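Here is how the chains run, residue by residue.
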Amino acid sequence: MVIVAELRDLSKVYGDKTVLDGINLQVYEGEILALLGPNGSGKTTLLKILAFIENPTSGEVKFQNKTVSLKDVERARMQSTLVFQKTIAFDTSVYNNIAYGLKIRKVPKNARDEEIRNAIRFVKLEGFEKRPARKLSGGEQQRLAIARALVLRTKLLLLDEPTANLDPRNAAILEEVIATVNREMKTTVVMATHNMFQAKTLPQRIALMSDGRITEVGTPIEIFGKLSKNLASFAAVDNTFTGAARKTDAGTTIVDIGNGLQIQAATQRQGETSIFVNPQDIILSKSAVASSARNVFKGRIIEVLDLGTLVKLKVDIGKPFTVQITKQSFNEMLLNLNTEVYIAFKASNVQVV
Amino acid sequence: MVDILGGIIKALQMILSGDPVLYGILYRSLFFSGIAVILATLWGTPIAMLLGLKDFRGKTLVKTFFNSLIGVPTVVLGLVLFLIFSKGGPLGSLGLLYTPGAIILGEAILVTPILVSIATTAIEAVDPEIMNLSKTLGASESQASLAVLKEAVNGVLLSNIASFNRAIAELGVALLVGGNIAGLTDVLTTAISRYTARGDLDLAIALGIMLMVFVFGINMIVIAARKAKFLLTLGRSPQ
């Protein structure tokens, strides 16, 4: 297999904080590689080093079989581009944003226009060309960011949590774009994510990260097939819990995740099990409502994160559960910090990882 | 008793009739202040970019230095420059004293702190990730810095306008290093002081009106430009 990029014994230290420690990683041509790990595990720093906008403290970065030294950085940057997690755009039109990298590469205007048209069509932003980029919604801005990167046809496309903070519709569009880019344009993709589902479906390989180290590398089947200690330690990932599972007579499984919380899952498992509940699958109410949901818990809101049209809430029911609702619901329900709420989710929405 | 109303009417008549003395003074004021701001922009913008984009030891000290100098009395700076440009001074051999060159240079130095301070603030207000965004799209260090400067263009423009206002309205430097020589180095402010002292109040009032019209006019343009920011934004390319 052809190696596009390689990191050897790489470390990165900011002040007295070691962000990356002894990283060894190979990125193969044409693959989608996911960096899966909780926040603060070093994924973003690793991507910035692969994008050549951050220099490692020690270790070696090889790109297309050549060690990249400080003086080669600007050349290497032309072949590797990063889409940031935080949507950011130049204060100009959508068109000019996408044109930026092509102008740097001195692509003639005719060819540039054609490329931009294609990229805009690809991310489904037709008709947005003349709009001010910063007036777009979060999802549209993220799609713009992808178009701005795609148009450069770099060897390596790096994506930092591309669908975090996006509503399901925009997230689905983006995932489709990433898969198509990889399949049809043969672009090598490295993406950071803490979304286990994304990691399960999109990439060919996964590198598990925690505390600045790569703890395991393998295919999704290898990583998710066996319950690794590393994956189980992912408690920092939203709504991922580990506990002892026992089968019930009803054909479901009860997982005891601690603090008196028994989660019912529509699957048959025994022994140590890790489960995940998608924040979008949780129903939030101010009183206990009769429903078909097998899992209903009372708690209070301990964190509120405004994502524009969506609001992410952390509800403490003995363990913190992340719940995602629309801003409209949030306002209409008069929710706030410390509000007492009920969360409910179906046993079939409990995913066993 | 001074006939204020009569003075204003006469002054307006002079302005409307296109009095060559008046317009000569106005032209010199605009020209000297304009060139001074261009000079200050040429050396002040790189300083602002350095202060806004780079971290280095003593940065706060440098920023404080420029901030403090904003309020320097123009007459004190005028005196210092007079000593430097006068015959026995370190730059006396250049023969700049009482020439337009001395006024232009003096005003450029005068407005540099205000230009650097406002432009630095504008550059610092740009999202630091813009630099990384430019780089990851292939920009070199200098291209990325330029992209940040373009994002701060409104602030940089404001720094130019504030500098121009300060230059055109100051008296001390123009008076002390320009010498207020009629037809050569007299500008709106120095001419007002001369005509007032002489009792030529019609001329002084006319010049005063012109100065105010320009200062107000520039501010009106700034407000209009801010309103038109949306249009400016669309036409601007980040490169």
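Residues numbered from 1 in each chain as written. Chains lettered and ligands numbered in written order. Predicted model: local features only at pLDDT ≥ 70, side-chain atom pairs only at ≥ 80, totals over all residues. Heavy atoms only, no water.

**So, empty space enclosed by the protein**
What the rule picks out here adds up to four cavities of 30 Å³ or more. In terms of lining, the largest cavity is formed by Thr81, Leu82, Val83, Phe84, Lys86, Thr87, Ile88, Ala145, Arg148 and Ala149 of chain A together with Leu133 and Leu137 of chain B. Looking at the lining of the largest cavity residue by residue, the classes come out as eight nonpolar, two polar and two charged. Space inside the second largest cavity adds up to approximately 50 Å³. Lining of the second largest cavity is provided by Ile283, Ser285, Ser287, Ala288, Val289, Ser291, Val296, Tyr342, Ile343 and Ala344 of chain A. Secondary structure elements with two or more residues in the lining of the second largest cavity: strand S15 (283–285) and strand S19 (340–345) of chain A. Top element by residues in the lining of the second largest cavity is S19 of chain A. It accounts for three residues. Residues that form the lining of the second largest cavity fall into these classes: seven nonpolar, three polar and no charged. (1 Å grid on protein atoms, 1.4 Å probe; cavity = no way out; pocket = protein on both sides within 12 Å on 5 of 7 lines; lining within 4 Å. Points joined across faces, edges and corners; volume = space filled by probe spheres on them. Nonpolar A, V, L, I, M, F, W, Y, C, P; charged D, E, K, R; others polar. Helix = DSSP H or I, 4+ residues; strand = E, 2+ residues; numbered from the N terminus.)

**Re the domain arrangement of chain A**
Residue and element names in this part refer to chain A. Under the domain assignment used here, chain A contains domain 1 (3–234) and domain 2 (240–352). Computed over C-alpha atoms, the centres of domain 1 and domain 2 are 31 Å apart. Taken together, the contacts link ten residues of domain 1 with twelve residues of domain 2. Interface of domain 1 and domain 2: buried area, both sides summed, is about 890 Å²; carbon and sulfur atoms make up 62% of it. If you look at where domain 1 meets domain 2, you find zero salt bridges. (Domains from an automatic or database assignment. Contact = heavy atoms within 4.5 Å. Buried area = accessible area lost by both parts, 1.4 Å probe. Salt bridge = Lys/Arg side-chain N within 4 Å of Asp/Glu carboxyl O.)

**Some remarks on the pattern of salt bridges**
Residue and element names in this part refer to chain A. Using the criterion set out here, one finds 26 salt bridges over all chains in the structure. Here Asp21 and Arg213 are joined by a salt bridge, their closest N and O atoms 2.8 Å apart. Linking Asp21 in strand S2 (residues 17–28) with Arg213 in strand S10 (residues 213–218), this pair joins segments that are 192 residues apart in sequence. With a relative accessible area of 28%, Asp21 lands in the partly exposed category. Its relative accessible area of 44% is what places Arg213 among the partly exposed residues. Across the salt bridge formed by Asp72 and Arg75, the nearest N and O atoms sit 3.3 Å from each other. Where salt bridges share partners, they join Glu6, Arg8 and Glu60 into one cluster. (Buried < 20%, exposed > 50% of the residue type's maximum accessible area, 1.4 Å probe, protein only.)

**Some details on the sheet that holds strand S4 (residues 58–63) of chain A**
Residues and elements named next belong to chain A. Overall, antiparallel pairing links the four strands, which are arranged S2-S1-S4-S5 in an open sheet. The open sheet has two edge strands with one neighbour each: S2 and strand S5 (66–67). Relative to S2, strand S1 (residues 3–14) runs antiparallel, the two sharing eight bridges. When the sheet's bridge partners are listed, Val13 is paired in S2 with Thr18. Most of the contacts of helix H1 (residues 43–50) go to S1, to which it runs at about 125°, and overall it touches S1, S2 and S4. (Pairing = 2+ DSSP bridges. Axes fitted to C-alpha atoms, helices over the stretch in contact; angles between N-to-C directions.)

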